[in-house]
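Structural overview
Listed below, chain by chain, are the residues.
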Amino acid sequence: MLRGIDVSSYQSSSYDTDGLSFVFIKATEGRTYTNPKLAAQTKRARDAGLVVGYYHFLWPGNLTAQAEYFVSKAPERAGEILAVDWETTGEGTHASNAEKDRFIRKVKELRPNNRVVLYCNRNFWLNIDKTAYDGDGLWIADYVTAGKPRIKAKWLFHQYTDDPVDKNVADFASTAALRNWAEQA
């Protein structure tokens, strides 16, 4: 299992990269929010030679506008991964299954040379998701033993804790294998 983290504006731009193979960085949310530390956090990951991914926190409605906003703000580089963060918003709502699926497809259409994955927690995957559509792969959040999420579906990334930061593992044999997968979009 490869080790990685995900970061947002709540984390430093000089986060620790020792022992990591990958990092996901929050890029955008809805149609107006951009992580003010996006450029610096991206530079930190690239300078460390990590596989880099960016995620968008999805809100219900305006899926095309959200997808266009996300790809306009997330740095564009071959071999970097895009993700949709599908969970409950601060207002207690969430995008529907159809909206989640349309968003993933629209991002893939706008960025055909990048992998696009779905991030959601175990509850969403088991009880809310009705399509099991995850684009190029599933990034599952389940706070249990690293690499042992309590789902039967094939997953690529597993977020297993948020203490002290969001820690993840990836189901790839090596960083080179992860990089090769990401580049083969």
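An account of the accompanying structure is given in this report.

Conventions and cut-offs
- Residues numbered from 1 in each chain as written.
- Predicted model: local features only at pLDDT ≥ 70, side-chain atom pairs only at ≥ 80, totals over all residues.
- Heavy atoms only, no water.
- Helix = DSSP H or I, 4+ residues; strand = E, 2+ residues; numbered from the N terminus.
- Expected span 1.5 Å × (residues − 1).
- Buried < 20%, exposed > 50% of the residue type's maximum accessible area, 1.4 Å probe, protein only.
- Contact = heavy atoms within 4.5 Å.
- Pairing = 2+ DSSP bridges.
- Right-handed = clockwise from strand over helix to strand, strands pointing away.
- Phe/Tyr/Trp six-rings, centres within 6.5 Å; stacked < 30°, edge-to-face > 60°.
- Lys NZ or Arg CZ within 6 Å of the ring centre and 35° of its normal.
- Axes fitted to C-alpha atoms, helices over the stretch in contact; angles between N-to-C directions.
- Parallel < 35°, antiparallel > 145°, perpendicular 65-115°, else oblique.
- Left-handed = near helix turned anticlockwise from the far one by under 90°.
- Nonpolar A, V, L, I, M, F, W, Y, C, P; charged D, E, K, R; others polar.

Spanning 14 residues, helix α3 (residues 97-110) covers 20 Å between terminal C-alpha atoms, matching the ideal 20 Å at 1.5 Å per step. By the burial criterion, the buried members of α3 are N97, E99, K100, D101, F103, I104, K106 and V107. Among the structural elements, β4 (51-57), α2 (63-73), β5 (81-85), β6 (116-121) and α4 (122-128) are those in contact with the buried residues of α3.

Take the pairing of β5 next. Burial runs high along β5: 5 of the 5 residues are buried. Residues of β5 alternate between two faces, with I81, A83 and D85 on one and L82 and V84 on the opposite face, all of them buried. For β4 and β5, the ladder comprises 5 bridges, and the chain directions are parallel. Directly across from H56, in β5, lies its bridge partner V84. In terms of handedness, the path from β4 via α2 over to β5 forms a crossover that is right-handed. Bridge count between β5 and β6: 4 bridges; the pairing is parallel.

So, about the pairing of β6. With 5 of 6 residues buried, β6 lies mostly within the body of the structure. At this point the chain moves from β5, through α3, to the parallel β6, and the crossover so formed is right-handed.

What follows deals with the packing of aromatic side chains. Taken as a whole and assessed by the stated rule, the structure comprises 11 aromatic pairs. With a centroid separation of 5.1 Å and 85 degrees between ring planes, the pair formed by W86 and F124 is classed as edge-to-face. Here W86, found in the loop between β5 and α3, pairs with F124, found in helix α4; they are 38 residues apart in sequence, far enough to count as distant. Each member of the pair, W86 as well as F124, is classed as buried. Consider the rings of F157 and F172, whose centres lie 6.1 Å apart with planes at 45 degrees: the pair is tilted. Of this pair, F157 sits in strand β8 (residues 157-161) while F172 is found in the loop between β9 (166-170) and α5 (175-183), placing the two residues 15 residues apart along the sequence. Just as F157 is buried, F172 falls in that class too. Among the aromatic side chains, those forming a connected cluster through ring pairs are F22, F24, Y55, Y119, W139, F157, F172 and W181. Here K100 stacks its cationic end above the ring of W86, 5.1 Å away from the centre of that ring.

Put simply, α2 and α3 touch, their axes get as near as 9 Å, and they point 40 degrees apart. Considering their axes alone, α2 and α3 lie oblique with respect to each other. Considering the relative orientation of α2 and α3, their crossing is right-handed. In contact with L63, T64, Q66, A67, E68, F70 and V71 of α2, α3 contributes E99, R102, F103, K106, V107 and L110. In terms of residue class, the contact of α2 with α3 is built from 7 nonpolar, 2 polar and 4 charged.

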